[in-house]
Amino acid sequence: MDFNVKKLASDAGVFFTRAVQFTEEKLGQAEKTELDPHLENLITRADSTKNWTEKILRQTEVLLQPNPSARIEEFIYDKLDKKLPSRMTTAELLGQYMLDAAKEFGADSPYGSTLITVGEYQKRLGGAEREFLQTSAAAFLSPLRNFLEGDWRTISKEKRLLENRRLDLDICKARLKKAKHAEAKAAAAPDFQETRPRNYVLSASASALLSEEVDKAEHELRVAQTEFDRQAEVTRLLLEGISSTHLNHLRCLQDFAEAQTTYFSQCHHHMQELQRELHRCANAVGAPHSSAASSNPAFPSDHSSPGASFSACDPKPGPLSMEPPATGTRKAKVLYDYDAHDASELSLLADELITVYTVPGMDPDWLVGERGNEKGKVPVTYLELLS
């Protein structure tokens, strides 16, 4: 117990001395040892890396999970080292509600069948979102957290230790300066007023004590300088590792961007499929009225109307028969590969040039495309129209 009390008192004394030195430096009443410019730059770069990593991490968490309560729950489970209970995504939950509603309203009704179609695709979107969240957490969020909770804590600890070593060094410098000043003052103004031998002995003893104090201060300064230099080197090596951290975060960022690209590509594909399904269902519902439409001169009787070209209920749709262009032909550049889903559509290859036009009453999301002797519907989103 004695040892612990003494150590506590010693630590308190060191802390108080450092606090005094730090305060005097802030007030401009004490000299401060400046760090090497290269080391200062490394510290600034590391601090900037830490600050921006924290901001990027927090905002990415908000992007992936906008619900604050859910983020708090995930944080608690992570700190308790427990597995987070499985939770449906919002799209999956919406899809499930639609499927349940379809059962209530009747799957054979137009509304019920459409609810089933949309609900299934919502669940697919939810599945894609779940995969994106898992990939992003593993490939991007985890490395950022590991840096902040691992490497950065080590760097912060060594930085604090370096600051303490610097304060100790400056304290030793100030102590040596005071000791030399006292020694010089005693040597410059000796006390000759008293002529008794005892006073000469005391004066010599005081001079020896001052000289001893100077030697002790010089020794402490050398020790403090050695410890400071050693700690500065350790800190420098750790800070230079920030470059490797940047490279690692770069790879993680590329993985995150790739995961986002895959996710949005899947969403785009699912929504394109859903759009086609909805058009096919709408055409199937409107099929009984085709005879009335054919009796009207405004509608051709050769099944060349847009409704016939969108029909999805016929398992084997025939080749597309198009009316003459109503708005003139244009050239278009294909942006992405596209595989035709039936004989009424035209398959596309990225970067090829095709001729496109529209026909009266055609869905605005589609155009008629021609490539040589081939002709068929093509989605507008896959094209760049050229003037």
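Residues numbered from 1 in each chain as written. Predicted model: local features only at pLDDT ≥ 70, side-chain atom pairs only at ≥ 80, totals over all residues. Heavy atoms only, no water.

1. Here we look at the overall build of the chain
Argument step 1. Counting its secondary structure elements, the chain contains nine helices and five strands.
Argument step 2. Reading the helices (α) and strands (β) of the chain from amino to carboxyl end gives α-α-α-α-α-α-α-α-α-β-β-β-β-β.
Argument step 3. Taking all 387 residues of the chain together, the buried fraction comes to 29%.
Argument step 4. Here the analysis covers contacts within the chain between residues at least 6 apart in sequence; of these, 71% occur between residues at least 24 apart.
Argument step 5. For the chain, the accessible surface area stands at approximately 24800 Å², while carbon and sulfur atoms represent 57% of it. (Helix = DSSP H or I, 4+ residues; strand = E, 2+ residues; numbered from the N terminus. Buried < 20%, exposed > 50% of the residue type's maximum accessible area, 1.4 Å probe, protein only. Contact = heavy atoms within 4.5 Å. Areas by Shrake-Rupley, 256 points an atom, 1.4 Å probe, with all protein chains shown as cover.)

2. Overview of helix α4 (residues 90–105)
Argument step 1. Over its 16 residues, α4 extends 22 Å from the first C-alpha to the last, a length consistent with the 22 Å expected when each residue adds 1.5 Å.
Argument step 2. Residues of α4 that are buried include every one of Ala-91, Glu-92, Gly-95, Met-98, Leu-99 and Ala-102, and no others. Taken down its axis, α4 places every buried residue within 120° of arc, on the same side. The exposed residues of α4 that point more than 90 degrees off its buried face are Thr-90, Tyr-97 and Glu-104. (Expected span 1.5 Å × (residues − 1). Arc of directions from axis to C-beta.)

3. Concerning a nonpolar patch on the surface
Argument step 1. Together, Ile-72, Phe-75, Ile-76 and Leu-80 give the surface a local cluster of nonpolar side chains, amounting to about 410 Å² of exposed area.
Argument step 2. Along the chain, the position of Ile-72 falls in helix α3 (residues 68–79). (Patch = residues over 30% accessible without salt bridge, like charges linked within 9 Å, V, L, I, M, F, W, Y side chains within 5 Å. Salt bridge = Lys/Arg side-chain N within 4 Å of Asp/Glu carboxyl O.)

4. A closer look at the sheet that holds strand β4 (residues 374–379)
Argument step 1. Pairing in this open sheet of five strands is antiparallel, and the strands run β4-β3-β2-β1-β5 from one edge to the other. The sheet terminates laterally at β4 and β5 (383–385), the two strands that pair on one side only. Direction aside, neighbouring strands of the sheet carry axes that sit 40° apart on average.
Argument step 2. Bridging between strand β2 (residues 353–357) and strand β3 (residues 366–371) involves three bridges; their strand directions are antiparallel. (Pairing = 2+ DSSP bridges. Axes fitted to C-alpha atoms, helices over the stretch in contact; angles between N-to-C directions.)

5. Focus: the pattern of salt bridges
Argument step 1. Across all of its chains, the model carries 15 salt bridges by this definition.
Argument step 2. Connected through salt bridges with shared partners, the residues Glu-163, Arg-166 and Asp-170 form a single ionic network.

6. Section: the side chain of Glu-158
Argument step 1. Here Glu-158 shows up in helix α5 (residues 110–188).
Argument step 2. Buried and without a salt bridge, Glu-158 has Lys-157 as its closest oppositely charged side chain, separated by 5.4 Å.
Argument step 3. Of note is the side chain of Glu-158, whose polar atom sits 2.6 Å from the side chain of Gln-231.
Argument step 4. Here Glu-158 is in contact with Gln-231, Val-234, Thr-235 and Leu-238, once residues within four sequence places are set aside. (Lys, Arg positive; Asp, Glu negative; His and termini not counted. Polar contact = N/O pair within 3.5 Å; in protein donor to acceptor, adjacent residues only side chain to side chain.)

7. Some points on the packing of aromatic side chains
Argument step 1. In total, this model carries eight aromatic pairs according to the counting rule given.
Argument step 2. Aromatic pair Phe-132 and Tyr-263: ring centres 4.9 Å apart, planes at 10°, arrangement stacked. With a gap of 131 residues between them, Phe-132 in helix α5 and Tyr-263 in helix α7 (residues 242–286) connect regions that are remote in the sequence.
Argument step 3. Residues Tyr-263 and Phe-264 carry aromatic rings whose centres are separated by 5.1 Å and whose planes lie at 50° to one another, so their mutual orientation is tilted.
Argument step 4. Following the ring pairs from residue to residue traces out a cluster consisting of Phe-132, Phe-140, Phe-256, Tyr-263 and Phe-264.
Argument step 5. The ring of Trp-52 has Lys-55 lying over it, and the distance from NZ or CZ to the ring centre is 4.4 Å.
Argument step 6. If you follow Arg-124 out to its NZ or CZ, it ends over the ring of Tyr-121, 4.4 Å from the centre. (Phe/Tyr/Trp six-rings, centres within 6.5 Å; stacked < 30°, edge-to-face > 60°. Lys NZ or Arg CZ within 6 Å of the ring centre and 35° of its normal.)

8. A look at the nonpolar core
Argument step 1. In this structure, Leu-35, Leu-39, Phe-132, Phe-140, Leu-162 and Leu-239 are the most contacted members of the largest nonpolar core, which totals 36 residues.
Argument step 2. Contributions of two or more residues to this core are made by α2 (37–64), α5, α6 (197–240) and α7.
Argument step 3. Per element, the largest residue contribution to this core is 15 residues, and it comes from α5.
Argument step 4. Aside from chain neighbours lying at most four places away, what touches Leu-239 is Leu-39, Leu-42, Ile-43, Ala-46 and Ile-155. (Core = buried A, V, L, I, M, F, W, Y, C linked by side-chain atoms within 4.5 Å.)

9. Some remarks on the packing of α4 against α5
Argument step 1. At their nearest, the axes of α4 and α5 sit 7 Å apart, and the two run at 160° to each other. If you check the angle between α4 and α5, you find them roughly antiparallel. α5 is crossed by α4, and the crossing has left-handed handedness.
Argument step 2. Here the residues of the contact of α4 with α5 are counted per class, giving 12 nonpolar, eight polar and five charged. (Parallel < 35°, antiparallel > 145°, perpendicular 65-115°, else oblique. Left-handed = near helix turned anticlockwise from the far one by under 90°. Nonpolar A, V, L, I, M, F, W, Y, C, P; charged D, E, K, R; others polar.)

10. Things to note about the pairing of β2
Argument step 1. Counting buried residues in β2 gives four out of five residues, a clear majority hidden from the surface.
Argument step 2. Taken together, the four bridges between strand β1 (residues 330–334) and β2 define a ladder with antiparallel strand orientation. Bridging across to β2, Arg-330 finds its partner in Val-356.

11. Considerations on the pairing of β3
Side-chain positions along a regular strand alternate between the two faces of the sheet.
Argument step 1. Both β3 and β4 contribute to a ladder of six bridges, which runs antiparallel. Opposite Trp-366, over in β4, you have Pro-379 as the bridge partner.
Argument step 2. The loop that links β3 with its antiparallel partner β4 comprises two residues; one of these, Gly-372, has a positive phi angle of about 65°.

12. Describing the packing of α2 against α5
Relative orientation and spacing of two packed helices are given, respectively, by the angle between their axes and the distance between those axes.
Argument step 1. Interhelical geometry of α2 versus α5 gives an angle of 150° and a closest axis separation of 10 Å. By the criterion of interaxial angle, the relationship of α2 to α5 is roughly antiparallel. The hand of the α2/α5 crossing is left-handed.
Argument step 2. In terms of residue class, the contact of α2 with α5 is made up of 15 nonpolar, four polar and six charged.

13. Quick look at α3
Argument step 1. Taking 1.5 Å per residue, 12 residues should reach 16 Å; α3 reaches 17 Å between its end C-alpha atoms and fits that length.
Argument step 2. Two residues or fewer past α3, Asp-81 is found with a positive phi of approximately 55°.

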